[in-house]
Amino acid sequence: GLAAGEAIGAEEGRELGLEHGYDIGKDLGFYRGWAQEWLRAAAAHPDLVPARAQKKLQAIVDAVNDVPTVNDENAHFGERLKAIQLKFKTVSATLGVSVATELPTESLSY
């Protein structure tokens, strides 16, 4: 009884951790990719993206790169993600763009 319950609990915890880690990684990848593409656009067309926005875009890339890739209870993943989301919203407003962070997956084909 007790050993079986512990085994089931450990497996459920592992599955939940994998799902949560995947969601965090997906969000971080979106923010980094979005910022990198805007930085590429700025490099190709310097008049397109103000210098202030470029600094904020680089701050997003740096913040994502600073997130640990291992599970560390002191990493404060939630706080880091919220800070990155705030930077994203700020630079989106600066650039005057509206971005849907949920992409429709039904239109994707593999």
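Quick note: structure is the one above.
A short tour of the structure in this document, coming up. (Residues numbered from 1 in each chain as written. Predicted model: local features only at pLDDT ≥ 70, side-chain atom pairs only at ≥ 80, totals over all residues. Heavy atoms only, no water.)

**Description of the overall build of the protein chain**
So, point 1. What the protein chain contains, in helices and strands, is three helices and zero strands.
So, point 2. Counted from the first residue to the last, the protein chain has its helices and strands arranged as α-α-α.
So, point 3. The globule rule puts the C-alpha radius of gyration for 110 residues at 13 Å, and the 18 Å found for the protein chain is more than 25% above it.
So, point 4. A principal-axis box enclosing the C-alpha atoms of the protein chain has dimensions of 65 × 35 × 20 Å.
So, point 5. Relative to its 110 residues, the protein chain shows a buried fraction of 22%.
So, point 6. The long-range fraction of contacts in the protein chain, counting pairs at least 24 apart against all pairs at least 6 apart in sequence, stands at 63%. (Helix = DSSP H or I, 4+ residues; strand = E, 2+ residues; numbered from the N terminus. Rg over C-alpha atoms; globule rule 2.2 N^0.38 Å. Buried < 20%, exposed > 50% of the residue type's maximum accessible area, 1.4 Å probe, protein only. Contact = heavy atoms within 4.5 Å.)

**A few points about the packing of helix 2 (residues 51-65) against helix 3 (residues 77-95)**
So, point 1. Between helix 2 and helix 3, the shortest axis-to-axis distance is 10 Å and the interhelical angle comes to 160°. Put simply, helix 2 runs roughly antiparallel to helix 3. Here helix 2 and helix 3 pass one another in a crossing that is left-handed. In contact with A53, K56, L57, A59, I60, A63 and V64 of helix 2, helix 3 contributes I84, K87, F88, T90, V91, T94 and L95.
So, point 2. Considering only residue class, the contact of helix 2 with helix 3 consists of ten nonpolar, two polar and two charged. (Axes fitted to C-alpha atoms, helices over the stretch in contact; angles between N-to-C directions. Parallel < 35°, antiparallel > 145°, perpendicular 65-115°, else oblique. Left-handed = near helix turned anticlockwise from the far one by under 90°. Nonpolar A, V, L, I, M, F, W, Y, C, P; charged D, E, K, R; others polar.)

**Here's the deal with the pattern of salt bridges**
So, point 1. In the structure shown here, the tally under the stated rule is one salt bridge.
So, point 2. In this structure, R40 and E37 form a salt bridge, with 2.3 Å as the shortest nitrogen-oxygen distance. With R40 and E37 both in helix 1 (residues 2-44) and three residues apart, the pair spans about one turn of that helix. (Salt bridge = Lys/Arg side-chain N within 4 Å of Asp/Glu carboxyl O.)

**Examining the side chain of S92**
So, point 1. Within the secondary structure, S92 sits in helix 3.
So, point 2. Residues in contact with S92, not counting those within four places in the same chain, are W34, V97 and V99.

**Looking at the nonpolar core**
So, point 1. In terms of nonpolar packing, the biggest core is built from 21 residues, with W34, L57, I60 and I84 touching the most fellow members.
So, point 2. Mapped onto this core, the elements with two or more residues apiece are helix 1, helix 2 and helix 3.
So, point 3. Among the elements that make up this core, the one with the highest residue count is helix 1 (eight residues). (Core = buried A, V, L, I, M, F, W, Y, C linked by side-chain atoms within 4.5 Å.)

**Considerations on the packing of aromatic side chains**
So, point 1. A complete count under the given rule lists five aromatic pairs for this structure.
So, point 2. Geometrically, the ring pair formed by F30 and F88 is edge-to-face, given 5.8 Å between the ring centres and 70° between the ring planes. Linking F30 in helix 1 with F88 in helix 3, this pair joins segments that are 58 residues apart in sequence.
So, point 3. On the basis of relative accessible area, F30 is assigned to the partly exposed category, the value being 21%.
So, point 4. Overall, F88 belongs to the buried group, its relative accessible area being 5%. (Phe/Tyr/Trp six-rings, centres within 6.5 Å; stacked < 30°, edge-to-face > 60°.)

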